[in-house]
Amino acid sequence: MHDPSGPGAPSDLGAFADAATALVGGVRRIAVLRANALGDYLLAVPALEALKRAYPGARLTLLGRPWHEEFLTGRPGPVDEVVALPPISGVSTLESGHAVPDGLCSRLRERGFDLAVQIHGGGRFSNPFVRRLGARVSAGLRAPGAERLDRWVPYGDHHHETLRFLEVAALVGGVPGGLEARLAVTAADRAELGRTLGPPPAGLVAVHPGATDPRRRWPVERFAEVADRIGRPVAVTGTRAELDLVMGVVTAMRRPAFPVVGALGICGLAALYERCDLVIANDTGPRHLAAAVGTPTVSVYWCGNLINAGPLSRTSHRPLVSWATTCPSCGAGRVDPGAEPCSHDGSWVLDVSADRVTEQAEDLLS
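Residues numbered from 1 in each chain as written. Predicted model: local features only at pLDDT ≥ 70, side-chain atom pairs only at ≥ 80, totals over all residues. Heavy atoms only, no water.

1. Concerning the pairing of strand β3 (residues 81-84)
Phase 1: As judged from the four bridges shared by strand β2 (residues 59-64) and β3, these two strands associate in the parallel manner. Bridge pairing in β3 links G64 to A84. (Pairing = 2+ DSSP bridges. Helix = DSSP H or I, 4+ residues; strand = E, 2+ residues; numbered from the N terminus.)

Written as structure tokens, this is what we have:
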């Protein structure tokens, strides 16, 4: 870890016990860059809370995406304000060809940020953007070859994202209060659920068979088998793009289940999961959402993803792990981060059995 920002800096900013000595004086405004998806945001919440704990009087602005603004505005939590960024390659979108719009950074500089924090990846694109905000002190992640910030920690593979971000918060005095995200469910969330679906049945279990990356998807037939075996009322959730997956579970089940496809926004989905006794899912944002609102989860993870983004506790959250190390279609390896990926998108989690998932689900429900 490095702190070339000036004299008086502690020599071991990575140690949480010494983090308070790294506080930046006179901080009134903090910008944090984390402009991606739901699960990505929730993995960062403990670091955001650590920053607010270190600077309780400061206003924390999340530089995010439009969905953050809709979801977080008025919601209790560490974020005081969201600035929704336009598409910027490597910053707020993975698509190429989107330059930083003229005038954006100058408008952000006018806000007078004292501290700018980058928890958005290795920094190839994000670190130059953060430096253009003009904050007195910048801190964040740095992969080899990326531009330096004032204070930074190395960005490497096979490191849990939440712990990675807490290391960044520690660079500027952030002290963790917890390792897993907690999310307040609001009256507006519950009202959306009530308007759309009405009151959920008692004992409800939700199944979420989707995942953005098809390699992380457990077969719908196995979700259906587990849902039948636990004998509870079942809701099968998904986005409109996941309609086939949702209906695949519903039609494969022997017992009735009701599909919830694109009917709820993230706010309403949070309220639905709050009312569930259990959520069974792939490694996906909705699993993180369920855990954040306090609902137990059983999930199916590929081993590499578990290291980076799995639940950090086991009392209420039970990940079942696939230890596959090669592509089931061509045998190409995936464990080495430097290996050239293959183009196949078949499931990498087929070795997780329905028996194992059912066992953990029944244990939590009991």
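2. Description of the packing of aromatic side chains
Phase 1: Following the criterion strictly, the structure yields four aromatic pairs and no others.
Phase 2: Between W67 and F71, the aromatic rings sit 5.9 Å apart at their centres with planes inclined by 40 degrees, giving tilted as the arrangement. With a gap of four residues between them, W67 and F71 both fall in helix α2 (residues 66-72), about one helical turn apart. Across this residue pair, the class does not change: W67 and F71 are buried. (Phe/Tyr/Trp six-rings, centres within 6.5 Å; stacked < 30°, edge-to-face > 60°. Buried < 20%, exposed > 50% of the residue type's maximum accessible area, 1.4 Å probe, protein only.)

3. Comments concerning the sheet that holds strand β7 (residues 205-208)
Phase 1: Reading across the sheet, the six strands line up as β9-β8-β7-β10-β11-β12 and stay open at both edges, with parallel pairing between neighbours. At either end of the open sheet lies a strand with only one pairing partner, and these are β9 (258-261) and β12 (317-322). Put simply, the sheet's adjacent strands are angled 20 degrees from each other on average, direction ignored.
Phase 2: One ladder, built from six bridges, connects strand β11 (residues 297-302) with β12; its direction is parallel. Opposite S299, over in β12, you have P319 as the bridge partner.
Phase 3: The sheet strands contacting helix α9 (residues 266-274) are β7, β8 (234-238) and β10 (278-282), and the helix crosses β8 at an angle near 155 degrees. (Axes fitted to C-alpha atoms, helices over the stretch in contact; angles between N-to-C directions. Contact = heavy atoms within 4.5 Å.)

4. Comments concerning a nonpolar patch on the surface
Phase 1: On the surface, L163, L179 and L312 cluster together into a nonpolar patch covering about 220 Å² of accessible area.
Phase 2: The topology assignment puts L312 in the loop between α11 (303-309) and β12.
Phase 3: For L312, a relative accessible area of 33% corresponds to the partly exposed category. (Patch = residues over 30% accessible without salt bridge, like charges linked within 9 Å, V, L, I, M, F, W, Y side chains within 5 Å. Areas by Shrake-Rupley, 256 points an atom, 1.4 Å probe, with all protein chains shown as cover. Salt bridge = Lys/Arg side-chain N within 4 Å of Asp/Glu carboxyl O.)

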